[in-house]
Amino acid sequence: MIVRKLQEAEQTNRRIVSEGWESTRLLLKNDNMGFSFHITTIYEGADLHLHYQNHLESVYCISGEGSVMAEEDGVVHEITPGTIYILDKNDKHVLKAKSEMKMACVFNPPLHGKEVHNAEGAYELEAEEVKDEK
């Protein structure tokens, strides 16, 4: 059994901060579950152009408000607490935060832990693994 507390993980190298967002990676590839699980904060005013070419992602909004638009069809979907969106086709998308949003994210294949978005808005498949701090 794996047990972790968000508040504790936020104080370790499992917390990654980047432009417009931060993410605490609670479950990673080296946990051998076949997916990774993160609590991600999208900062108010963020306008993120993303394209997870190497990963499928499900995102559940815990708090805050914003929108997500799939570039393929241009349809804007409002995000409020209780909304889930699933990027099941490696969708190019734009994520905008009207207010700070707290999101629960699942990635398949799992992330190693230190990933940040590359120039195309994707995570690389082979990134440096997070080694838990003792």
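Residues numbered from 1 in each chain as written. Predicted model: local features only at pLDDT ≥ 70, side-chain atom pairs only at ≥ 80, totals over all residues. Heavy atoms only, no water.

Side note on the overall build of the protein chain
Just so we agree on the cut-off: The secondary structure listing takes helices from DSSP runs of H or I that are at least 4 residues long and strands from runs of E that are at least 2 residues long, numbered from the N terminus. Throughout this description, buried means an accessible area under 20% of the type-specific maximum (1.4 Å probe, protein chains only), exposed means over 50%, and partly exposed covers the range between. Any pair of residues with heavy atoms lying within 4.5 Å of one another is described as a contacting pair. Areas reported here follow the Shrake-Rupley algorithm with a probe of radius 1.4 Å; residue values treat only the protein chains shown as occluding.
Broken down by element type, the protein chain carries one helix and 10 strands. A burial count over the protein chain gives 41% of its 134 residues as buried. Long-range pairs, those at least 24 residues apart, make up 62% of the contacts in the protein chain between residues at least 6 apart in sequence. Total accessible area on the protein chain stands at roughly 7500 Å², and carbon and sulfur atoms take up 50% of it.

Side note on the pattern of salt bridges
Definition in use: Between Lys or Arg on one side and Asp or Glu on the other, a salt bridge is scored when a side-chain nitrogen of the former is within 4 Å of a carboxyl oxygen of the latter.
The tally for this structure, following the rule as stated, stands at four salt bridges. A salt bridge links aspartate 31 to arginine 4; the nearest nitrogen and oxygen atoms lie 2.9 Å apart. One end of the pair, aspartate 31, is in the loop between strand E2 (21–27) and strand E3 (36–42); the other, arginine 4, is in the segment before helix H1 (6–9), with 27 residues separating them in the sequence. Classification of arginine 4 by relative accessible area gives partly exposed; the value is 30%.

Remarks on the sheet that holds strand E9 (residues 92–97)
Filter applied, for reference: At least two DSSP bridges between two strands are required for those strands to pair. The convention used is that axes are lines fitted to C-alpha atoms, helices contributing only their stretch in contact, and that angles between N-to-C directions extend from 0 to 180 degrees.
Taken together, four strands build an open sheet; the order of strands is E4-E9-E6-E7 and the sheet is antiparallel. Of all strands in the sheet, those bounded by a partner on one side alone are strand E4 (47–51) and strand E7 (76–79). In this sheet, adjacent strand axes meet at a mean angle of 20° when their direction is disregarded. Examined bridge by bridge, strand E6 (residues 66–70) and E7 share four bridges and lie antiparallel to one another. From the neighbouring strand, serine 67 faces E7, where its bridge partner is glutamate 78.

Section: the pairing of E2
Each regular strand carries side chains that alternate between the two faces of the sheet. Counting buried positions over the seven residues of E2 gives seven, a clear majority of the element. With four bridges joining them, strand E1 (residues 15–18) and E2 adopt antiparallel strand pairing. Its bridge partner lying in E2, serine 18 is registered against tryptophan 21. Linking E1 to E2, which pair antiparallel, is a turn of two residues; within it glycine 20 sits at a positive phi near 90°.

Considerations on the nonpolar core
Stated formally: What we call a nonpolar core is a set of buried Ala, Val, Leu, Ile, Met, Phe, Trp, Tyr and Cys residues that are connected through their side-chain atoms within 4.5 Å.
Ile42, Leu48, Ile79, Tyr85, Leu95, Met101 and Met103 are the most contacted members of the largest nonpolar core, which totals 22 residues. Counting residues per element, this core draws most heavily on strand E10 (residues 101–108), which supplies four residues. If near-sequence neighbours (up to four positions away) are discounted, leucine 95 is found in contact with Ile42, Ala46, Asp47, Leu48, Ser67, Val68, Ile79, Tyr85 and Met101.

Some remarks on the side chain of arginine 25
Short version of the rule: Definition of a polar contact: a pair of N or O atoms within 3.5 Å, with one able to donate and the other able to accept a hydrogen when the atoms are protein atoms, and with sequence-neighbouring residues admitted only if both atoms are side-chain atoms.
Examined against the element boundaries, arginine 25 turns out to sit in strand E2. In this structure the side chain of arginine 25 is engaged in a polar contact, spanning 3.1 Å, whose partner is the side chain of serine 23. Contact partners of arginine 25, with chain neighbours within four places excluded, come to Arg14, Ile16, Phe37, His38, Leu111, Gly113, Lys114, Glu115 and Tyr123.

Shape descriptors only; they carry no functional weight alone.
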